[in-house]
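Here is how the chains run, residue by residue.
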Amino acid sequence: MFHPQRTFVTLVATLIVALLRAQGATDSLEVFFEPPGGFYNSEQAIELYAPGATAIYYTLDGSAPTRQSQAYAGEIRLSETAVVRAIAFANDQPGSRYGQSYFFREESTAFPIVSIGISPGILFHPSRGIFVQGSNAVDSLWYKPGANFWSRREYPAHIDLFTAEGELVHNHLTGLRLFGGMSRLFPQKSLALVTRKRYGKSRFKHPIFGKKAPKSFKFLVLRNSGSDFGKSHFRDAFMTELVRDWDLETQAYQPAHVYINGNYWGIYNLREKVNRYFVASHADEVDRDSIDLLEHYAVRKRGSRRHYQSLLDFLERYDLDVQGNYEYLESLMEVDNFMYHQIAQIYFNNQDAGGNIKYWRPNNTPEGRWRWILYDTDWGYGSHSEQAYRHNSLAFHTDPAGPHWPNPPWSTLLLRKLLQNEGFRHRFVNAFMDKLNTSFSSEQATGLLTEFYAQYRPEIGRHLQRWRLSESYWEEQVDIMRDFAAKRPEYLRSYLDDYFDGGGARAVLVEASPGGKVLVNQQEEVERLDGYYFANYPIQLRAIPRYGYRFAGWAHDELADREITADLKAKRRYVFRARFEPFTHPLMDQVMINEVCPKSKRTDDWIEIYNNSDETVDLTNWTLTDARNEFRFPTVALLPNDYLILCRNAEKFRAVHPDAYNVVGGMGFGLNKRQENLGLYDGLGATVDSFAYEVPLQDTAFTLSLLLPTVDNAEAENWELRPGRGTPNAANPYYVESRVRIEQAQWLRLGLAAGVLILGLLALYWRRQQLA
């Protein structure tokens, strides 16, 4: 048997393997590395151990280990960054391939790190390597047809993904192939990574892009910034971030340092790959196998193009200035989604927008409508001209006879047809102005650009040095983007004014006092907007109070309704201020949150409401909120001195608490186990109750219960944390115990009084006997 020197780690490995065998695991020839891969400042002696193996073979150049590789005969001493890959054999039976990445004296970074281990010949072989031109390329054409780097073949590679803190979150074989179009011509090639069961992992399972993005991925892309390579290296990601909160599907983004076989390979932009898995992860309740996904001019990527072709046929035959025709088109596509896609592309001055479009619809329902995905925008934002902010891309995107590239007539058809409809024109103009006043305002765009610059500045030096790029040129490119961000809105307002006969721009200030927001043109919720709209396009404003507040009038007209249409014909500055005031319910502090269960696998989370008043309360359309979600009550009433349970699954809850009698299910969100802010509001938004908690991490199920219904539940000391299932639809334990103690004290006082009376009577009787 093959037994290197055993240590604590290898002994633990033996136990793990034994357990795997007991559970019927198929691969018992796992190779263990000690110390594990990671970041070191000095030379390390690496030991390999594989319980049950007769031999171990390893490589240090990234290539896949075989029986022809170096046989392991003792510790491996490493002092330079490398990927150690190993395979164990039990006689002639091979196990799976394993690997670990070791980094030595590498620069500190705030970026994640991706380490790739792959046979060097796959990438660099002079005739077959996919990173090289090869011998079949046509040198006379700039795009090098026949070059090896046009390969679409997939290869297994060992991938290690480390967080910026050095935590290893993915360590496995993963599929690797080249990615992108003309950006393959650059020396730093874009790569696609794909997990498959045959490699051993079916997903990257880590929130690579943060809490708000998907947390599991079938595909990832290591992007070389496309046509922005050698320039800012973050153009596409920056533009994506500008529209992050829009009604658009966009790729998440995270810059990362990449190493290939231990060699530094520069900064890549980690992105999601736009495919059916991407759609399913960004759209609620969409089956990835039940979509039509198209790109360019109805090129099918998934599903069918019949529905889209019928949409095009309809556009060719009918004009949309007929309202009925426009409404029919709305049943085929999500018009607002397309409108915002076009607004973004026009603002970006993306000269490649005609070629880089993808759109999709769910095809398992007749009501499935087309939506557009924003991606690959790096031909925009001054990528190819310092004066790009001046370009009239509104005319470019509405040209009926543009050149075959980059804006062929088919790519502008849909917007041109939609603009035939007067209602859409009005909505398009005001929506564009909304965005120029908010997401695309000079202040917001330059502020976000400053954040990107600060993120990249400490990291970009190594990348520029690796690819022999100019630091001063990088700074120039960022300056071009800064100019674009500052100057673009003014030029676009002029082009919109001319194209749509806007009648001139009017300065408009919209403000909301504390306690509410203003909805502008049915789309933008703002607390303050200082921008411009056109004289010939009235704007709509609606005052929206927050929970616990109500609308108290407009400063310029206290009698005006919450929703107004503002005419801007006069040449002056317009000011609209919405006022709000606190709004409380008459039963505030009487209908209250009484018990909260943030952790229970058996019941899921639940909340108990108690009515401490002497009247029945109609809770219909009341709202319970946490920091991000809200639950609207169905038709339900709460009797005096009674309890109501709100839970996620009423059937599951009753299985654990069969005595619970007043239960409402369907609460569509769970509670945070550590800290939460809860609010209870009536149907008009008046505050009824609020409660916030912060507790230590608990290992078992627990509840938070109010000590007494007469105390202030906003005070933390009036709550107690109790392990167990809680007491739904019943008085809380402390309240019951205190009542028992009160009754015991009363009985004790009665008992003492009775005892004193008896003793007094006995003493009187004894005295009379003495006198007698």
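Residues numbered from 1 in each chain as written. Predicted model: local features only at pLDDT ≥ 70, side-chain atom pairs only at ≥ 80, totals over all residues. Heavy atoms only, no water.

**Some thoughts on the packing of helix α7 (residues 335-348) against helix α13 (residues 471-500)**
To keep it simple, the criterion reads: Axis geometry follows a simple rule: fit a line to the C-alpha atoms, using only the stretch in contact for helices, then measure angles between N-to-C directions, giving values from 0 to 180 degrees. Every helix listed is a DSSP run of H or I at least four residues long, and every strand listed is a run of E at least two residues long, numbered separately from the N terminus. Roughly parallel here means an angle under 35 degrees, roughly antiparallel means over 145, roughly perpendicular means 65 to 115, and every remaining angle is called oblique. Contact between two residues is taken to exist if any of their heavy atoms lie within 4.5 Å; hydrogens are not considered. Polar here means any residue other than Ala, Val, Leu, Ile, Met, Phe, Trp, Tyr, Cys and Pro, which are nonpolar, and Asp, Glu, Lys and Arg, which are charged; Gly is therefore polar.
For the pair α7 and α13, interaxial distance at closest approach is 10 Å and the crossing angle is 115°. The angle between α7 and α13 places the two elements in the roughly perpendicular class. The segment α7 lies against α13, with I346, Y347 and F348 engaging F484, A485, R488 and L492. Within the contact of α7 with α13, the residues separate by chemical class into six nonpolar, no polar and one charged.

**Digging into the environment of F33**
The criterion, for reference: Three labels apply to residues, based on accessible area from a 1.4 Å probe with only protein chains included: buried if under 20% of the type maximum, exposed if over 50%, partly exposed otherwise in between.
Checked against the element boundaries, F33 lands in strand β1 (residues 32-34). On the basis of relative accessibility, which here comes to 7%, the residue F33 falls in the buried class. The contact partners of F33, leaving out residues within four places of it in the chain, are E47, L48, V84, A86, Y98, G99, Q100 and Y102.

**Some points on the pattern of salt bridges**
Where charged atoms from two side chains of opposite charge approach closely, those side chains can pair. Worth spelling out the cut-off: Just to be clear on terms, a salt bridge is a Lys or Arg side-chain nitrogen sitting within 4 Å of an Asp or Glu carboxyl oxygen.
Inspection of the entire model under this criterion finds 39 salt bridges. When the shortest N-O distance is used, the salt bridge between E106 and R462 registers 3.2 Å. A residue pair is termed long-range when its members are at least 10 positions apart, and E106 in the loop between β8 (93-104) and β9 (113-117) and R462 in helix α12 (residues 460-466) qualify at 356 residues. Where R271 meets D236, a salt bridge forms, and the shortest distance between an N and an O atom there is 2.9 Å. Placement of the pair is R271 in strand β18 (residues 263-271) and D236 in helix α3 (residues 235-242), with a sequence separation of 35 residues. The exposure class assigned to R271 is buried, which follows from its relative accessible area of 1%. Each of the salt bridges in this network shares a partner with another, and the network as a whole consists of R223, D236, R271, D376 and D378.

**Some thoughts on the sheet that holds strand β42 (residues 719-723)**
This is how it is decided: Only strands joined by at least two bridges in the DSSP assignment are considered to pair.
Strand order across the open sheet formed by six strands is β38-β37-β32-β31-β41-β42, with mixed pairing between neighbours. Each end of this open sheet is capped by a strand with a single partner; those strands are β38 (663-664) and β42. Relative to strand β41 (residues 702-706), strand β31 (residues 591-599) runs antiparallel, the two being bridged by three bridges. Among the inter-strand pairings, K599 is bridged to a residue of β41, identified as F702.

**Some details on the pairing of β8**
As paired elements, strand β2 (residues 38-40) and β8 share three bridges and run parallel to each other. Looking across to β8, one finds that G38 is bridged to Y102. Counted between consecutive antiparallel strands, the loop separating strand β7 (residues 82-90) from β8 contains two residues, among which N91 sits at a positive phi close to 60°.

**With respect to the pairing of β18**
With eight of nine residues buried, β18 is to be regarded as a mostly interior element. One ladder, built from three bridges, connects strand β15 (residues 219-223) with β18; its direction is antiparallel. Pairing of V221 across the sheet is with R271, part of β18. The sheet contact formed by strand β17 (residues 253-260) and β18 spans seven bridges and is antiparallel. Bridging across to β18, P255 finds its partner in N269. Connecting β17 to the next strand, β18, in antiparallel fashion are two residues, including N261 with a positive phi near 50°.

**Description of the environment of Y549**
Topologically, Y549 is positioned in strand β28 (residues 549-554). Between the C-alpha atom of Y549 and that of L684, which follows or precedes it by 135 residues, the distance is 9.3 Å. With residues up to four places along the chain from it excluded, the contact list for Y549 reads P514, G515, F580, E581, P582, F583 and G685.

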